[in-house]
Every structure is written in C-alpha cells, then in structure tokens.
Amino acid sequence: MSNTSARPSDIRLRATLAFDESITSVAGVSSKRACELQRMGMRRVRDLLQNFPRRYIDMSCVCKVAEAPIGRMATIAGVVHEVKLKKPKPRLKLVEISVIDETGVIIVTAFNQPWLKDKLHAGERVALSGKVEFDYGFKRMTNPIIEHVQGEVSGLILSVHPTGGGISQKQMRSLIRSALQITSGALDPLPLELRQKYRLMSRQTALRCVHFPHTMQEAAQARRRLAFEELLYVQLLMMTESAKRVEGLVPCSHTINGKRVLQLSDALPFELSAGQEKAKRDLLHVMSKPSLANHMILGDVGTGKTVVAAFGMAAAVDSGGQVLMLAPTEVLAEQHARTLGDLFACVGIRVGLLTGSTSSNDRMRILNDLSSGNLDVLIGTHALMEDDVVPANCTLVVIDEQQRFGVDQRASLLSKGAAPDALYLTATPIPRTMALALFGNMTLSYIKDRPKTGSGRQTYVLSRSDRGKAYDAAKEALAQGQQVYVVCPLVGLNAQERNEAAQRHSYDEDDCDFYPQVTIEGAHGDPDASLTAAVEEASFLSRNVFPDYRVELMYGGMPSDEKRAVMQRFANGEVNVLVTTTVVEVGIDVPNATVMIIEDADRFGLSQLHQLRGRVGRGDKPGQVFLVSASKKEGAIARLSALQRTDDGFELAEEDLAMRREGDILGNRQSGASALKLVNVIRDAAMIEEAHNSAAAILQADPYLQDSENAALAREMRSIFTGEQYEYAVIGG
C-alpha cells in the first residue's frame, strides 16, 4: 500500500514506531556519523530528539556594535571583514575575526579553534553572542557563540545543542529536523485528560518548539510539557517497581508499643529532638501497617538518624523478627555496633557485627546464632550479602548511606527475609522536591534540628595564597592536643607528574604558594586550576608544615584493613593529622578533631562540603573548617561563601541545586539521573508534585496500564525503561 492511500492510523503507528528505530534511519546519518552519535549516547531516533538545546541565542535582542554594553552579554549581527590565524606561543593558536556593522567593528578572539580560519570567510554574515569587553581601542568578545545567518536576524532564535565528534551545530540542527520529520504524526503518550488539565502542548509540537522555537515563551512552554513528561514516567516507574516488589508477599505488621520500644525510650541518656520524635512516629506508623514499609529518613550530619532507626529495630524484635543493618564501611559498621550495642544491651536486644575482617570462627558463631534466631540485630558491611548469611526471620532491613549501594546490593539484602520492611538512612541533604522526584515510591521523614551535642564549627573561605592562615590554626589546635583533617580531591600523582612537581617547586617557610599539585587540563571546565593529590599532600605536610606531628594518609582505594587501622589510630589519638580523600565523609566520630582543611573546595558540591565539615566540632571543643580554592572562575569563592552564611544542609542543598544546570540534579550524579534532562528540582517544585500525584491517580485507576487510553503511555514506558533500571527508580526493589 502506498503512502498516499495509507490510513491515518497506519501513519500514526509508523511515526510512533520511528522513535525507537536505529539512528541510521534519520536522513543524513551515515555509518560514520552514527558512530559519532553513538559516542554521544545516541543510538535511537528518540535519543536524537532528546538532545535538547543547552541554551538559546535570542536574536530578537540584537544590538549594534556601537550600542553593545561593555561588561555584559550581547548579541551582535554583522559581516566578517577579516580572519587571521595567530600563534603567540608555541602551543597556543588563536583566531582573530573582525566583524563590522554600520556602526563599527568588534574583534572576536577564539582560542584553540584554528578550524575557524577555514570555516569563516570575509563577506559572510554572522551573529555573535558573548560578553562584550573593551581593550586596545576596540570592543571585543572572547570565544563567543558564532553562527552563520542569512538575511535579517531580528526575531530569530537559535538553539545551541550539545555536539561532539566533529558534528557542528548546523549539522546537529539538520539531523534533528530530519528526526522530527519521520516522527511527525506520532501518538501522544500522555492521556488527553492530563494534557487538558495542565494545558500542555502535544508531544510533537513540544519537540518542534523546544528545538526550533519562534519565541522564548514558546520554548518555555515546550520545555514545561517535556519536563512534566519526564517526571511522570519516572514516578510511574518507581511506583510500579514498588508494586512488583510487594506482589504476592505477606508483610509483617510490626508491634510498635512493645516492651523493648518502651524500654528504649527510658534507656536513652538524652531526650529526642522534635525532629527525631516526629521521624520516630513516622517510622513506627509505616512499620505497623499491613503493607510493606519503604521508608527513608533524611537527616543532616549529626541529627541522630541512627537513634530513630533503633526504635524501628526494637519494634522488629518486639514482633519476633530480626534486623540486618548495612553500613558502607567497616569503621562505620563498628561504630554502629558499639553505640547500638551499648544501647540495646539495656533492653535485652542481642547485637552482632559481621565484616570482611571478622575471623572465621567468629563468623561461624555469628551465622549460627543468626540462623537459629539467637541473634536479634546483625550489623555489617557487604559481608551481609554473602549467601551463607541466612537469618531465621528477617523483618526489617536498614541501609545506612543508601546512595553508596547499588540496586543489586540493596535487592540482595532485602531477599534475606520473606517480606522485610526497608528503612534507608541518608545524610545527603536532599530537598523535599528532589526526594519526591528521585524517591517518589517511598515515605519520607526529615530530621532538621540537631540534638544539643557538640560545640559546632566556624567555616572560612580562603584563596590558595592565604592557606597559611589555615596552617596556623591547625598548628595551634595541634599544640593544644587536638587533631586535624586535610581533605584532597585526588588520591595521587603518577611517577612522571611527581618528578615534574619535584622539579617545578621549591619550598620557603614563608611561601604558602608552594603546593604539591597536579595540573588537569580542562578539569571541570577550568583549565587554569590544579588539583591537590592526597599522597603528595601527606608527604609535603609531614616534611614541611607539621614535622613535629604524626601525619597519615587514608583513601578509598586502600585495603580495608589498612584503612580501618589508620582510622582507628586517628580515633585513638595516635595520629595527629589525617590527610584523606572524601572517604572520610562517612566515618567514625572523632570528637578531638577540631580543624579541617579542604583543598580545592570549589571542586565539591556545597552539600558534600557540608557533610565533610560535619566531621569536626562534634565534641566539647568548637571546630574550624577552612575551604581553600585556587580557582579564578568568577563566582567560585562567592559560591563557597554560602557555607559561611548557614549551617543548614538543606538550605545549602537548595542553593547548590539552584545554581546547577538543568538535569544536573545531584552533586555526584547517580546512574539514571540523566532520565531527568529538563527538570530543575528547585524551579519545578510544583511540577514534581503534580507529576507525582498524576502518576498515583493513573495507577490507582489502572495499576497495570492496561486500559486503552493508557496504551500509548504503557508503550512509551516500555521503550524508555526496558533494560535500563535506574538507581533511584528501583530503590527498595
């Protein structure tokens, strides 16, 4: 049957199926170009259509050269007058382009883009978008966006897409136009009722307008439709995965007012804070229900999440069950075993500890006690997931710092019981809207107020040249018998880099600019910055800054027994200065540690810095945290200053998120976060709520998406997520 006689339903079906065809079905995609696109993560037509613009150049705001404001962003249209390739240094090439309009000339300098010499020619009309500067008598732009244009540019909006592999902006736009052509007329997966309720564009209109908008308002409406769609799919996936996990299982309705729960309140040496009390009520409530609990407690550093979890454990034991508690490191597992062991001993709860360092005899005894029901709570590391760990009746699984474990690891632990409730703890400050987007299949409790423990801390932001102030504070603390952390972003240098560093530097006691460092060209977009390496830093500090004190090194790649021994020596006060990577972010409490120096602090997210600084000021002595940055990037120091203004981790997380680009929603991005390409969890808070509620309503009416009005939605879900189980989507599953 020819296309001219094809039924509309057949045309819609072909267009719908085209989304999942190979990218080679797009006109202009040769086998070579397909390889280039695949390296960018684009294998299907839908991947190309989801290569959303990272920004737009609004040509409706074009100004003349003479009117272009110095020191501000501007868009200027003009004619190329001259293009010159210059080599001011042996390894530096720059292209200088003169662009003129009827009011004057602007000079464009493009660093390390020699190919522009062949791409741009005199007489061609271009549009420039960038920051206008004034130097040597001319207005100038450095590395602006440069686009060929034809005719008048007023009213034109150019989308700027992510590119790579030699594919230009013009070629990318052409490929996306071709992809839009072959998917034209496809079925819209969103039910009509939802589109009407929230006044959303159709999908094809939204895809066209997000890539090729006529106005910025049109682009915003297209983004709104597509972002809502992303959120709805993720919420539906999380909810259906949770439903699959409980299908056919008979959950335990835990007793929440049993003997041990009541005794535990009396045994605590302090009163719970208001936040802890509410989190405790939330936890016990979900555990008491005749449905499987899937609960997360989010609490800033030092808010006492573990104590709240203890009440859930006591309820499990009161109900005749057992508890498995998983910790990411041996030192943290040991700390939990000590603190909970002391507390549970008062109420008759038997606690065991199982790690990779447990001796074979102790391991055999612990496993026998667990399988016979003579052990109530087993705390451990990855050793808990071994096949021979078989509890008699596990009704609660607790996972501390859940983001450090993969989907399979969490699932493995949950399989140790017939239908255990799941409790997750995290010190990562995740604002509610983000938690809803990432963990919408969970019930959530927040603990934001801190118990009255510790003396707190002061945070200071220093440039690298002022690092001596941090060293002085550290020496003063050490002289008083206190201890110091030094946190570095990298582990070490290779041999060549180490030799070059040794030849490059000499040290003067008064010269705080000397620094063992590794230059990483283009790291995080800042080619001028160097990153501190922990191995070299430990050696340098030991020789030159703290020669009278014991300096030791700890990093994630060390053998676990060595890492455990170093941390234990530091906790015992045998080590004065601990140089470490972010592995210390989750570790045992060392109340005597009062100073922390974080090198290259601009390389960390605000939330991660906040967690790191929570390691000091936990005892009766106040802590001091020094954030050292060598970055010359505008705003880097200003961003770090937020840590001076507030000690609220959730406030910092919101500020951190507000500054990130769309879709980059986690400091350390979890696998699958890329499913939310257009979502900004701060700006889109209301949309997240709407998508969550809409997904719940859809599944309440049609749990398996079998109704005809949801057929397109069900097919889209299968196309997107089959074979791609995302971290956040299957938490607890």
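This text goes with the structure placed above it.
Residues numbered from 1 in each chain as written. Predicted model: local features only at pLDDT ≥ 70, side-chain atom pairs only at ≥ 80, totals over all residues. Heavy atoms only, no water.

Participant: Give me the overall build of the protein: which residues, what numbers.
Facilitator: Looking only at helices and strands, the protein features 25 helices and 25 strands. Across the 733 residues that make up the protein, the buried fraction comes to 54%. Once local pairs closer than 6 in sequence are excluded, the contacts in the protein between residues at least 24 apart make up 74%. Summing over all exposed atoms, the protein offers an accessible surface of approximately 32,400 Å²; the carbon and sulfur share of this is 49%. (Helix = DSSP H or I, 4+ residues; strand = E, 2+ residues; numbered from the N terminus. Buried < 20%, exposed > 50% of the residue type's maximum accessible area, 1.4 Å probe, protein only. Contact = heavy atoms within 4.5 Å. Areas by Shrake-Rupley, 256 points an atom, 1.4 Å probe, with all protein chains shown as cover.)

Participant: Residue-level account of the side chain of R457, with values.
Facilitator: Here R457 shows up in strand 18 (residues 457-463). When its relative accessible area of 18% is taken as the criterion, R457 is described as buried. Polar contacts involving the side chain of R457 include one to the main-chain carbonyl oxygen of R613, which spans 3.0 Å. In terms of polar contacts, R457 uses its side chain to reach the side chain of D647, at 3.2 Å. (Polar contact = N/O pair within 3.5 Å; in protein donor to acceptor, adjacent residues only side chain to side chain.)

Participant: Residue-level account of the packing of aromatic side chains, with values.
Facilitator: If you walk through the whole model with that rule in mind, you get four aromatic pairs. A ring pair is formed by Y198 and F228, whose centres lie 5.1 Å apart and whose planes are at 45°; its orientation type is tilted. Placement of the pair is Y198 in helix 6 (residues 192-198) and F228 in helix 8 (residues 216-246), with a sequence separation of 30 residues. Take Y198 and F228: they sit in the same class, and that class is buried. Between Y471 and F546, the ring centres sit 6.2 Å apart and the planes meet at 80°, which makes this aromatic pair edge-to-face. Residue Y471 is found in helix 16 (residues 467-479), and its partner F546 is found in the loop between helix 18 (534-545) and strand 22 (551-554); the two are separated by 75 residues along the sequence. Residue Y471 is classed as buried on the basis of its relative accessible area of 8%. Directly above the ring of F212 sits R177, whose terminal nitrogen or CZ lies 4.2 Å from the centroid. (Phe/Tyr/Trp six-rings, centres within 6.5 Å; stacked < 30°, edge-to-face > 60°. Lys NZ or Arg CZ within 6 Å of the ring centre and 35° of its normal.)

Participant: So, the sheet that holds strand 13 (residues 351-354): which residues are in play, and what are the values?
Facilitator: The parallel open sheet is built from seven strands, whose spatial order is 13-14-12-15-16-11-17. Looking at the sheet topology across the chains shown, the edges are occupied by strand 13 and strand 17 (443-447). For this sheet, the mean inter-axis angle between neighbouring strands, taken without regard to orientation, is 15°. In this structure, strand 11 (residues 294-299) lies alongside strand 16 (residues 421-426), joined through five bridges in parallel fashion. (Pairing = 2+ DSSP bridges. Axes fitted to C-alpha atoms, helices over the stretch in contact; angles between N-to-C directions.)

Participant: Mind laying out the packing of helix 7 (residues 203-211) against helix 8, listing which residues take part and the relevant values?
Facilitator: Contact pair helix 7 / helix 8: the axes reach a minimum separation of 8 Å and the direction vectors enclose 130°. As far as their axial angle goes, helix 8 and helix 7 are oblique. Crossing handedness for the pair helix 7 and helix 8: left-handed. Facing helix 7, whose interface residues are R203, A206, L207, C209 and V210, helix 8 presents E218, A219, A222, R223, R225, L226 and E229. (Parallel < 35°, antiparallel > 145°, perpendicular 65-115°, else oblique. Left-handed = near helix turned anticlockwise from the far one by under 90°.)

Participant: Hey, could you go over the sheet that holds strand 24 (residues 593-598) for me, with residue numbers and the actual values?
Facilitator: In space, the six strands of this open sheet follow the order 18-25-24-19-23-22, with parallel pairing throughout. Both edges of this open sheet fall to strand 18 and strand 22, since each of them pairs with a single strand only. Taken over all neighbouring pairs, the strand axes of this sheet differ in orientation by 20° on average, direction set aside. Set on the sheet, helix 16 makes contact with strand 18, strand 19 (483-487), strand 23 (577-580), strand 24 and strand 25 (623-629); between it and strand 24 the angle comes to about 160°. Helix 19 (residues 560-571) contacts strand 19, strand 22, strand 23 and strand 24 of the sheet and is inclined by roughly 140° relative to strand 22.

Participant: I'd love a proper account of the environment of P53, names of residues and values included.
Facilitator: Along the chain, P53 falls in the loop between helix 3 (45-49) and strand 1 (55-58). Setting aside its immediate chain neighbours within four residues, P53 contacts S159, V160, H161, V210 and H211.

Participant: Got a sec to walk through the nonpolar core? Specific residues and values, please.
Facilitator: By size, the foremost hydrophobic cluster in this structure holds 88 residues, and its most contacted members are L48, F228, L232 and L378. The residues touching F228, leaving out its near neighbours within four places in the chain, are L190, L194, Y198, L200, M687, E690, A691 and S694. Core analysis: the next-biggest nonpolar cluster, separate from the first, contains 37 residues, A309, M325, A327 and I379 among them. (Core = buried A, V, L, I, M, F, W, Y, C linked by side-chain atoms within 4.5 Å.)

Participant: Tell me about the pattern of salt bridges, residues and numbers included.
Facilitator: Across all of its chains, the model carries 30 salt bridges by this definition. E716 serves as the salt-bridge partner of R203, at 2.8 Å between the closest nitrogen and oxygen. Here the residue R203 occupies a position in helix 7, and E716 occupies one in helix 25 (residues 711-721), the gap between them amounting to 513 residues. The exposure classification of R203 matches that of E716, with both residues buried. (Salt bridge = Lys/Arg side-chain N within 4 Å of Asp/Glu carboxyl O.)

Participant: Break down the pairing of strand 13 for me, citing the residues and quoting the values.
Facilitator: Burial along strand 13 is one-sided: the residues G352 and L354 are buried and none of V351 and L353 is. In the sheet, strand 13 pairs with strand 14 (residues 377-380) via four bridges, with the strands oriented parallel. For L354, the partnering residue across the bridge sits in strand 14 and is G380. Once you follow strand 13 into helix 13 (residues 360-372) and on to strand 14, the crossover reads as right-handed. (Right-handed = clockwise from strand over helix to strand, strands pointing away.)

Participant: Could you give me a rundown of helix 9 (residues 259-267), with the residues and numbers involved?
Facilitator: R260, V261 and L264 are the residues of helix 9 that are buried. Buried residues in helix 9, looked at end-on, bunch into an arc of 100°, giving them a common side. With respect to the buried face of helix 9, the exposed residues turned more than 90 degrees away are K259, L262 and D266. The secondary structure elements touched by the buried residues of helix 9 are helix 10 (274-288), helix 11 (305-318) and helix 12 (330-345). (Arc of directions from axis to C-beta.)

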